[in-house]
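This is what each chain is made of:
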Amino acid sequence: MPAELLRAAPLALLFALPVAVVGGVVLHLMRRRSMTAAMVALALVPLAAALGGVVGVSGLMYTPQLVGTIAVCAVVGVATVPVAWWLGSRFAHEALWQREADAAELAAVRHAEAARRELVAWMSHDLRTPLAGIRGMTDALADGIVTGPAAAAYLARIRREADRMADMVEDLFQLSRATSAGLHLTLSPLALGEVVSDAVAAESAAAAAAQVVIAAEDPQAWPVVSGSDSELTRAVRNLLTNAVRHTPAGGRVELAAGVRDGRAWLRIQDGCGGIPEADLDRVFTVGFRGEQARTPGQGPGAGLGLAIARAFVEAHGGALTVRNHGPGCVFEIELPHLAPARRVAQA
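Residues numbered from 1 in each chain as written. Predicted model: local features only at pLDDT ≥ 70, side-chain atom pairs only at ≥ 80, totals over all residues. Heavy atoms only, no water.

Moving on: the packing of aromatic side chains. Per the stated rule, a full pass over the model turns up 1 aromatic pair. The lysine or arginine in question, Arg157, covers the ring of Tyr154, its NZ or CZ lying 5.8 Å from the ring centre. Here the guanidinium or amino end of Arg267 rests over the ring plane of Trp265, the centre of that ring lying 3.9 Å away. (Phe/Tyr/Trp six-rings, centres within 6.5 Å; stacked < 30°, edge-to-face > 60°. Lys NZ or Arg CZ within 6 Å of the ring centre and 35° of its normal.)

Okay, structure coming up:
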């Protein structure tokens, strides 16, 4: 029996090898087309090669061994082909999902890079203007062209431009913090009424200069939330600054708060005249300053305030939305509400 097997081995190899080569060529041609078909072919090639070897050893004659081998190959094929088809479908689906994920990640990276370049361009333009003014005024003072009371006016303008640039740099720093993955907030119970009071106090001078009234509806009854005082106050102040800036003289900025479906909300209604529907989704974009009814007046910001506000609100597990309403638009902050029982527990 061993001698017969040794004599049959070369013949079996002679018949099995061409089948295996043809199967390898088929797999090579299908590698970039259908993964499912390639997996099925991968399961069938060994069976076809084994069957070819047996046929060669039998001398192309009908023998019991040939019948048994064909039966075994058929049973194995029935068991392996569905499995190969299923695995091929799964691999193809996962490969497609991975390609889509890679494409989405690449698109996100490109979008972030484009946004970064736009931000650098915007900030460079915004900083170049006050720097040029400061340089011109300092040259005039240094050369003695401006003296007396005019010199004091120049110094005051230099101070205003320096403050403006400092505000831009501070906005950039806050935007970097707000969008950082490593931002860590120290949460504590905060009364929304007190947070808004601090923000209103900080914006009262600007509101008085713009002849805009800021009114809050019963702030003592406003809900308590779990938040970080400085970041939440910054978000509310940015929204108030935006509302005052875009409300015409003699207008009002109204604030209200409450609880809805277990969530605390804070609304800021301005008198801007409304935001074009096409721009509603863009107002929180870094650098966006608005058009038409939202065109900035004197002393515009860098277009970062609303982006900073949304980032800080979302860092608290909340949401910031905007919609047109009444004489202008409503910015609404939604935050997790701190129930009375939890307030006592954290006190």
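Having seen it, we continue.
With mixed pairing, 5 strands are arranged side by side in an open sheet as β2-β4-β5-β7-β6. In the strand order of this sheet, the two ends are held by β2 (213–216) and β6 (319–325), each with one partner. Averaged over neighbouring strand pairs, the angle between their axes works out to 20° when direction is ignored. Taken together, the 4 bridges between β2 and strand β4 (residues 252–260) define a ladder with parallel strand orientation. (Pairing = 2+ DSSP bridges. Helix = DSSP H or I, 4+ residues; strand = E, 2+ residues; numbered from the N terminus. Axes fitted to C-alpha atoms, helices over the stretch in contact; angles between N-to-C directions.)

Here the focus is the side chain of Glu231. Along the chain, Glu231 turns up in helix α6 (residues 229–246). A polar side-chain atom of Glu231 sits 2.3 Å from a polar atom in the side chain of Ser228. Look past the residues within four positions of Glu231 in its chain and what remains in contact with it is Arg177, Leu185, Phe312 and His316. (Polar contact = N/O pair within 3.5 Å; in protein donor to acceptor, adjacent residues only side chain to side chain. Contact = heavy atoms within 4.5 Å.)

Between its first and last C-alpha, helix α5 (residues 192–209) extends 26 Å over 18 residues, near the 26 Å set by a 1.5 Å rise per residue. Along α5, the largest kink reaches about 50° and is centred on Glu203. Among the residues making up α5, those that are buried are Leu192, Gly193, Val195, Val196, Ala199, Glu203 and Ala207. Where α5 ends, the next residue or the one after it, Gln211, has phi of about 60°, a positive value. (Expected span 1.5 Å × (residues − 1). Bend = angle between axes of the 7 residues up to and from the residue. Buried < 20%, exposed > 50% of the residue type's maximum accessible area, 1.4 Å probe, protein only.)

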